[in-house]
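As a plain string of letters, each chain reads:
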Amino acid sequence: MKIINATKYAIALIALLTLTIPTQAAGKINVITATQDLASLGAEIGGDHITIESIAKGYQDPHFVEPKPSFLLKLQRADLLAVVGLQLEIGWLPPLVTQSGNQKIQVGANGYLDMSQFCQILEIPTGQVTRAEGDVHPLGNPHYWLNPANGRRIAKAFQNKFSEMRPADAAYFAQRFSDFDKRLTEAEKRWDAAMAPYRGRKVVTYHRSWPNFCERFGLNVTDYVEPKPGIPPSPSHTLEVINTMKRENIKLILVEPDFDLRTPNSIAQATGGTVLVLLPSVGGVKEVNDYFQLFDYDINLLTTAFAKFK
Ligand SMILES: [Zn+2]
């Protein structure tokens, strides 16, 4: 009797599984990304041939994301995991990937896509690579998606990977890339025109999130509120920043949304400057839902602030 029940149960389970599996067999690639920026770019290329979801939210510091059990469930179901790399996610993602037991997305597997390998990376250290002093950028700057040229490279990498995974859909992904590329080129003209009057302006930033953005749009980052990436501000360093800003007549302090505003505000007060909470990621605020809106939002904030300081 027991055996029959077990058999019945097994048959019911198999029936249930075959009912749920066809949605996957329909061919959508289940993509999980580390950040919302990658999810936005992946969605541009994958369209309705993929499902895509980010683990970290754009308003979180991508270096320090608190792992949750729900992350594990996402990773267990993924066909493809796209990461920023350069150790951006080292504090939270690798243990989850291992624990997921999903062989498709382990480091080195076909479903593990490290986007840093396709992009232009700035601030690559020339000396010994170390996190010993707490520097969270030991392999170069991981905030590289903030140059549209790198956004385009990431999109291209998604196109190539999706086509490799679904060769029958290659033309669809190629068409989506071509359309994205065209819209990005048009947007870049708009962003360049908006930023043109302010090329050469100097700014201070909290974290080193902006070298790619500032190089692309002609801004000079003169100093940082953090003495080193990931190291909290110290009184002596804060004083140096204040002196630099006074000496060079710098008025803008760009701060990522997840940082405490007390030190930036005190620097602004001492220098007659302004603190601007600029977004390094899609999802930083609820109205910024994609890669284009991210640059629109930041460039609008910057140009409005620059216009105030002649
Ligand atoms: Zn960083």
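Counting restarts for each chain: residues are numbered from 1 in the order of the written sequence. Totals for whole chains, interfaces and linings use all residues, but because this is a predicted model, local features are given only for residues with pLDDT of at least 70 and pairs of side-chain atoms are given and counted only at 80 or more. For side-chain calculations, the full set of non-hydrogen atoms in the structure is used, while hydrogens and water are omitted.

It is worth spelling out the packing of aromatic side chains at this point. Two aromatic rings from Phe, Tyr or Trp, using only the six-membered ring of Trp, form a pair when their centres are within 6.5 Å; if the ring planes differ by under 30 degrees the pair is stacked, by over 60 it is edge-to-face, and anything between is tilted. The full count for this structure, using the stated rule, is 14 aromatic pairs. A ring pair is formed by Trp191 and Phe292, whose centres lie 6.4 Å apart and whose planes are at 40°; its orientation type is tilted. Taken together, the residues span a long stretch of sequence, with Trp191 in helix H6 (residues 170–195) and Phe292 in helix H10 (residues 291–308) at a distance of 101 residues. The burial state of Trp191 is the same as that of Phe292; both residues are buried. Between the aromatic rings of Tyr206 and Phe259, the centroid separation amounts to 4.2 Å while the plane-to-plane angle is 15°, which identifies the pairing as stacked. You can see Tyr206 sitting in the loop between strand S5 (202–205) and helix H7 (211–217) and its partner Phe259 sitting in the loop between strand S7 (252–255) and helix H9 (262–271), a full 53 residues away along the chain. The exposure classification of Tyr206 matches that of Phe259, with both residues buried. Members of the aromatic cluster, each reached through a chain of ring pairs, are Phe180, Trp191, Trp210, Phe213, Phe217, Tyr291, Phe292 and Phe295. Here a strand is any run of E in DSSP of at least two residues, a helix any run of H or I of at least four, and the numbering for each starts at the N terminus. Here the term buried applies to any residue with accessible area under 20% of the maximum for its type, exposed to any over 50%, and partly exposed to those in between, with areas from a 1.4 Å probe on protein chains only.

The protein atoms that coordinate the zinc ion are His63 (NE2), His137 (NE2), His143 (NE2) and His207 (NE2), at distances spanning 1.9 to 2.0 Å. Donor atoms: N, O and S within 2.8 Å of the metal, or within 3.2 Å for Na, K and Ca. Because water is excluded, sites can look incomplete. A site with four donors is called tetrahedral when every donor-metal-donor angle falls between 85 and 135 degrees; four donors are called square planar, and six octahedral, when opposite donors sit more than 155 degrees apart and all other angles fall between 65 and 115; any other arrangement is irregular. Classification of the site at the zinc ion as tetrahedral follows from its four donor atoms and the range of 107 to 113° in their angles at the metal. Summarised as a motif, the one-chain spacing of the donors to the zinc ion is H-x73-H-x5-H-x63-H. Of this pair, His63 sits in the loop between strand S2 (50–54) and helix H3 (69–77) while His143 sits in the loop between strand S4 (112–114) and helix H5 (148–165); the two residues are 80 residues apart in sequence, bridging distant segments of the chain. Of the residues examined, His63 reaches a relative accessible area of 4% and is grouped as buried.

Bringing the side chain of Lys161 into the picture now. As for its placement among the helices and strands, Lys161 is situated in helix H5. Here a polar contact is recorded for every N or O atom pair within 3.5 Å, except that within protein the pair must consist of a potential hydrogen donor and a potential acceptor, and residues adjacent in sequence are included only if both atoms are side-chain atoms. A polar atom in the side chain of Lys161 sits 2.7 Å from the backbone oxygen of Asn110. It only takes one pair of heavy atoms within 4.5 Å for two residues to be counted as in contact. With residues near it in sequence (within four places) discarded, Lys161 still touches Leu80, Asn110 and Leu113.

Nonpolar cores were defined as sets of buried Ala, Val, Leu, Ile, Met, Phe, Trp, Tyr and Cys residues, with membership established by side-chain atoms within 4.5 Å. Of all hydrophobic cores here, the largest spans 52 residues; its most connected members are Met115, Ile154, Phe158, Phe162, Phe213 and Leu302. A per-element tally of this core places H10 first, with eight residues. Discounting residues that sit within four places of it in the chain, Phe158 has contacts with Val31, Thr33, Leu38, Leu41, Gly42, Ile45, Ala82, Leu113 and Met115. The next biggest cluster of nonpolar side chains, apart from the first, holds 16 residues, and it includes Ile55, Phe71, Leu93 and Val97.

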